Amino acid sequence: MSFPLLTVTAALPAVGAIATAAVPAARRTVAKWLALLVSLATLALAVTVLVRFDPGGDRYQLTESHSWIADFGVRYELGVDGIAVALIALTALLIPFIILAGWHDADPLETGNSRWRPTQGFFALILAVEAMVIISFEATDVFLFYIFFEAMLIPLYFLIGGFGDRAHEHGEKTAATQRSYAAVKFLLYNLAGGLIMLAAVIGLYVVAGNFSLTEIAEARANGSLDMATSTERWLFLGFFFAFAVKAPLFPLHTWLPNAMGESTAPVAVLITAVVDKVGTFAMLRFCLQLFPEASKWATPVILVLAVISIIYGALLAVGQRDIKRLIAYASISHFGFIVMGIFAMTSQGQSGATLYMVNHGISTAVLMLIAGFLISRRGSRLIADFGGVQKVAPVLAGTFLIGGLATLSLPGLAPFVSEFLVLVGTFTRYPVIGIIATLGIVLAALYTLVLYQRTMTGPVKAEVTGMPDLRVRELVVVAPLVALLIFLGVFPKPVTDIVNPAVKQTMSDVHKTDPQPEVEAAK
Amino acid sequence: MSATAVHSLWTTAATAADPIARIDAPKIEYGQLSPVLIVIGAAIIGILVEAFVPRRSRYHAQMFVSAVALIAAFAAVVALAARGYGTTKAGITAMGAVAVDGPALFLQGTILLTSLVGLFTFAERRLDPEQHGTRVDSFAAQAAAVPGSESEQKAVKAGFTTTEVFPLLLFAVVGMLVFPAANDLLTLFVALEVFSLPLYLLCALARRKRLMSQEAAVKYFLLGAFASAFTLFGIALLYGYAGSMSYGTIAQVVDGTVQNVTPALANTTGNDALLLVGSALVVMGLLFKVGAVPFHMWTPDVYQGAPTPVTGFMAAATKVAAFGALLRILYVVLPGLRWDWRPVMWGVAIVTMLAGAIVAITQTDIKRLLAYSSIAHAGFILAGVIATTPSGISSVLFYLAAYSFVTIGAFAVVTLVRDAGGEATHLSKWAGLGRRSPLVAAVFAVFLLAFAGIPLTSGFAGKFAVFKAAAEGGAAPLVVIGVISSAIAAFFYIRVIVLMFFSEPRPEGPTVAVPSPLTMTAIAVGVAVTVVLGVAPQYFLDLAGQAGVFVR
């Protein structure tokens, strides 16, 4: 048996989480370093996966398959395609920065009770989420995927509800109430989505008799597994609902601004840049492969919802007074682009969507983490409380600007490539939708630049004077991510090379070929 | 498919001859009945201990007798199962009164293990502060003393403890062991009474809040007596219909393969009105015991008022026994009638799931909350019962095993959280528990997550099993409603977690008592079973699958 690389990649952070949680209360620093080292080791493993993966090879590589719960037809089956490899790399890349950015976020305020260990818990929970996200990307068994898709809600729930920004305009008690409201809202939305999906998972089992993605997809492709049209549509809706909550897609998006607004910046990055990607990834992997006909049937509605997400999210972002909620609404707009790219059913759209997932992860991480540094300095999340920061903290302001420009898809930065691909891919098949979506870019320019203008430029506010610039730890977090944004903006080929073959496969699953503009024009 | 053919899906024909015709000396298969006999013997020894052993050594003597009996009985169940009495050698024993087959042995094993864990919580004596130098448990010093009276104070001062609870527990276990194995209606009724009466008594024995405990007991007794009366009436009508008490014979009369069992009843035999009314009444009695809506009214009051160890034991073991009996009635006696009972049970399952989940949202007492949660779970289990497929049986068996350990563990945790007035069961007092006692709160969170059916806990595996069986049995709408009520139920489980972890602790809040190894064992077993059945359920699913065939 070959070395179970995928299992180890997912298991390492899980083991690290347990080890971190077990560090004695007084040794907080040990726990932090342990978590950081584990996340770096996981990154090394993810890079190994990336290197061992052969873009020209089989569809699923590094596969592992073991019997697990035979009674339910469940197997422990792992395998990665190009899309999964890219997202695993993104996850493993971001976690060390998240840990480093949140270095002091969970230090206990008072050192009274020795049994309450928030620091250990914080870092252990982050690693637990990483483990579950990675295994969700790897699972090629629907049930296995479902289990971790659901189970990751629990550590996230504690991360959102248990840890928040230190200072808050309404005092700690209100902050705690709002936090637990956000955590409960997050959990109920996602749990409801997950349970609806559970009904569909059971339905899939009744129809197909097993849970293996590869087997079912193959049986679907060669016609040996015939689903009634209505059955397929119901099952598709069950799956899609859960993923649309997670992604999040309008009108199921309202948990995200609460969750991102109330949690600390690193956790907000974890949610939007890492966890939400499981939703969009699962649309590509499960909805399209298992239910190709139903996917095509639902495409018009989903595209309309995606466009509403793009425009509505951007409009709400323009109107926000709170920096973190602004970024959250911007993310909703971006997730609209990703979903639109997936369901445009063109190879450019889907490649663009996958690339978008990676780029959005990095650019949001830059913007949100710096916003977190900014907020922790001032003790407020309100845009109106800032002004003239670029005079006192130029490096902070400069990197924040780069993050912002990446969010509005400035050419030369990574998100531009993906946004362009998504729009082109959509336009070739659905020109009207593509044109409306373009408005989202204009609005993105508005909300980011207004955010920058109000917080960074203008006269220096009294509370902002004396604000320190980025510290070494913060620079270590920001610099590599900014470099990556520029690198992938100029040279996206490494990612597209890995992603493209997988996208071609998915396209053939749904029996779609790229439209030929000339032929269509001739008609 | 004919009724007989469907019937043979989940039952095998027994080889025993019809015992009713001749009057011979009764033939008792002592070996196959040994689990029940061991516990009965121990219960009687327990009474003798109560009568003859000096007061100071009674506690240890009773503990020893009960624990040994439960372990020995479990060993007997395992030995029977290992010798194939659950599968190939399954048969009907004790002159047709008791069936020894897969479901019976599986449920008996579950009941015995749950009772053993329950016994540990019964025997816990470190939680309450010592009174006059005596360590005391959750039970009244002297049950007969009027609450608040002088005689009660004397009893407390004298350091009395009610060691009678141990034989009472054993008698209840006896009834529960026979209940799911009963193969004729009279045995069913006797078993019902044998386990109900000790439970009524146990409910009344709380050391703290005695009036509430006694009120709960009276309520339980009155409603239970009603339910028993209904059952008995139903049994009489079924006898009128079939001319026999035996499950197998009644099933044959329903199928039409046998007519005229008892010539004296020729006028009524085969009268469908008797059959329908009779079976409805019997099933009603059983639904009362499982706590299904609309027969659930007693559950919250009794769960709240009874001493918490009793509540845990009752919630876990009674549910196992009663669902076992319900399965046997529906699958062995009434499969020919399934087109009549399935729609009714559909309705009951839907109402039970939804009502349990919705009403639980408004609860402010942790024990009442768990009571309503148990109602919702009864609904989920009913979804598996309705499947009427072999996987329906095995999924219900698995769910019961998973559920009972979560329940008993959860109630064991409830006994630990205390303030000056005893257990602090009001939810507001649980605020911030996670800050003060992270481990206890985390353990309770595990149980709550299992109740909510989050993956990697036994609750998820069980829920998946019953919903899968229901979907395969053609009850897809039931699955959807089950999923929706799971989402509703998740809300209040999560609310407790929020309260424990995200709320500020109250300054005058309760403390977490440090229990003796007994309760620790109980909780540890609960957590271990919850996690093992969640992560690696295959072995136990196999076990339940092998056990999923009734004998008839």
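Worth saying up front: this structure is predicted, and the values here are computed from it rather than measured. (Residues numbered from 1 in each chain as written. Chains lettered and ligands numbered in written order. Predicted model: local features only at pLDDT ≥ 70, side-chain atom pairs only at ≥ 80, totals over all residues.)

S.K.: Just checking my understanding: could you explain the overall build of chain B for this structure?
M.R.: Counting secondary structure elements, chain B contains 21 helices and 7 strands. By the compact-globule yardstick of 24 Å for 552 residues, chain B fits well, its C-alpha radius of gyration being 23 Å. Along the longest, intermediate and shortest principal axes, the C-alpha atoms of chain B span 70 × 55 × 40 Å. (Helix = DSSP H or I, 4+ residues; strand = E, 2+ residues; numbered from the N terminus. Rg over C-alpha atoms; globule rule 2.2 N^0.38 Å.)

S.K.: Help me understand the overall build of chain A in this model?
M.R.: Assigned secondary structure in chain A consists of 21 helices and 2 strands. Against the globule reference of 24 Å for 523 residues, chain A gives a C-alpha radius of gyration of 22 Å, in line with a compact fold. The principal-axis extent of the C-alpha atoms belonging to chain A is close to 70 × 55 × 40 Å. A buried classification covers 61% of the 523 residues belonging to chain A. Put simply, of all contacts in chain A between residues at least 6 apart along the chain, 82% involve residues at least 24 apart. (Buried ≥ 20, exposed ≤ 12 C-beta atoms within 10 Å, placed from the backbone. Contact = placed C-beta atoms within 7 Å.)

S.K.: Honestly, the interface of chain A and chain B in this entry has me stumped. Any pointers?
M.R.: Reports often express the size of an interface as the amount of accessible area lost when the parts come together. Taken together, the 31 residues of chain A in the interface contact 29 residues of chain B. When contributions to the side of chain A that touches chain B are tallied by element, the ones reaching two or more residues are β1 (61-69), α5 (142-151), α6 (153-162) and α7 (171-208) of chain A. In terms of residue count, α7 of chain A provides more of the side of chain A that touches chain B than any other element does, 17 residues in total. Of the residues assigned to the side of chain A that touches chain B, the class counts are 23 nonpolar, 4 polar and 4 charged. (Nonpolar A, V, L, I, M, F, W, Y, C, P; charged D, E, K, R; others polar.)

S.K.: Would you explain helix α20 (residues 493-509) of chain A in this entry?
M.R.: Because an α-helix packs 3.6 residues into every turn, residues spaced three or four apart end up facing the same way. Residues and elements named next belong to chain A. Here α20 is 17 residues long and its end C-alpha atoms lie 24 Å apart, about the 24 Å a rise of 1.5 Å per residue gives. Val499 marks where α20 bends most, by close to 30°; the proline Pro501 follows one to four residues later. Every buried residue belonging to α20 is among Val495, Thr496, Ile498, Val499, Asn500, Ala502, Val503 and Thr506, and all of these are buried. Buried residues in α20 make contact with α3 (82-101), α11 (265-290), α14 (347-378) and α19 (472-490). His511 lies just past α20 and shows a positive phi near 55°. (Expected span 1.5 Å × (residues − 1). Bend = angle between axes of the 7 residues up to and from the residue.)

S.K.: It is not clear to me how the sheet that holds strand β4 (residues 417-419) of chain B should be interpreted in this structure. Could you clarify?
M.R.: Two strands in a sheet stick together by hydrogen bonds in their backbones, pointing the same way (parallel) or opposite ways (antiparallel). Residues and elements named next belong to chain B. If you trace the 3 strands from one edge of the open sheet to the other, you get β5-β4-β6, paired in antiparallel fashion. Only two strands of the sheet have a single neighbouring strand rather than two, namely β5 (422-423) and β6 (511-512). Bridge count for β4 against β6 is 2 bridges, and the pairing is antiparallel. Directly across from Arg418, in β6, lies its bridge partner Thr511. The sheet strands contacting helix α15 (residues 390-416) are β4, β5 and β6, and the helix crosses β4 at an angle near 25°. (Pairing = 2+ DSSP bridges. Axes fitted to C-alpha atoms, helices over the stretch in contact; angles between N-to-C directions.)

S.K.: I'm lost on the UniProt feature "domain: NADH:quinone oxidoreductase/Mrp antiporter transmembrane" (unreviewed entry) in chain B in this one. Help?
M.R.: UniProt marks residues 182-488 of chain B with the feature "domain: NADH:quinone oxidoreductase/Mrp antiporter transmembrane" (unreviewed entry), using the numbering shown here. Helix makes up 76% of residues 182-488 of chain B and strand 2%, whereas the separation of the span's terminal C-alpha atoms amounts to 36 Å. (UniProt positions renumbered as here; feature names shortened; annotations may be inferred.)

S.K.: Where do I start with the packing of helix α17 (residues 438-452) of chain B against helix α20 (residues 517-535) of chain B in this structure?
M.R.: Helix-helix packing is described using two parameters, namely the angle between the two axes and the distance between the axes. All names here are of chain B. Running from N to C, α17 and α20 point in directions that differ by 45°, and their axes come no closer than 10 Å. As the angle between them shows, α17 and α20 are arranged oblique. Considering the relative orientation of α17 and α20, their crossing is left-handed. Of the residues in α20, those in contact with Val443, Val446, Phe447 and Ala450 of α17 are Ile523, Gly526, Val527 and Thr530. Split by residue class, the contact of α17 with α20 holds 6 nonpolar, 2 polar and no charged. (Parallel < 35°, antiparallel > 145°, perpendicular 65-115°, else oblique. Left-handed = near helix turned anticlockwise from the far one by under 90°.)

S.K.: What is the right way to look at the nonpolar core in this model?
M.R.: When a protein is soluble and globular, its nonpolar side chains tend to lie buried together. Judged by nonpolar contacts, the single largest core of 429 residues is most densely connected at Val366 and Leu369 of chain A together with Val39 of chain B. When residues no more than four places from it in sequence are discounted, the contact partners of Val39 of chain B are Ala69, Ala73, Leu170, Val173, Val174 and Leu177 of chain B. (Core = buried A, V, L, I, M, F, W, Y, C linked by C-beta atoms within 7 Å.)

S.K.: What should I look at first to understand helix α17 (residues 414-429) of chain A in this one?
M.R.: For α17 of chain A, built from 16 residues, the straight-helix expectation of 22 Å at 1.5 Å per residue is met to within 8% by its first-to-last C-alpha distance of 24 Å. The buried fraction of α17 of chain A amounts to 13 of the 16 residues, a majority that puts the element mostly inside the structure.

S.K.: Is there a simple way to explain the pairing of β1 of chain A in this structure?
M.R.: In the case of a regular strand, side chains alternate between the two sheet surfaces. Residue and element names in this part refer to chain A. By the bridge criterion, 6 bridges tie β1 to strand β2 (residues 74-80) in an arrangement that is antiparallel. By the bridge assignment, Glu64 is partnered in β2 with Leu78. Linking β1 back to β2 in an antiparallel pair, the connection comprises 4 residues, with Gly73 at a positive phi of about 70°.

S.K.: Explain the environment of Leu40 of chain A here, please?
M.R.: By the secondary structure assignment, Leu40 of chain A is in helix α2 (residues 28-52). In this structure, the C-alpha to C-alpha distance between Leu40 of chain A and Leu93 of chain A, residues 53 residues apart in sequence, is 8.2 Å.

S.K.: Any chance you could explain unusual backbone geometry here in plain terms?
M.R.: Note: most peptide bonds trans; most residues except glycine with negative phi. The omega torsion across Ala247 of chain A and Pro248 of chain A is -15°, close enough to zero to call that bond cis. Of note, Pro248 of chain A is situated in the loop between α9 (229-246) and α10 (255-262). The peptide bond linking Val293 of chain B to Pro294 of chain B adopts the cis configuration, its omega dihedral lying at 5°. As for its placement among the helices and strands, Pro294 of chain B is situated in the loop between α10 (272-290) and α11 (298-305). Even without being a glycine, Ala94 of chain B presents a positive backbone phi close to 50°. Residue position: Ala94 of chain B is located in the loop between β2 (91-93) and β3 (98-100). Taking the C-beta count within 10 Å as the criterion, Ala94 of chain B has 22 such neighbours and is therefore assigned buried. A positive phi angle, near 75°, is found at Leu456 of chain B, a position not held by glycine.

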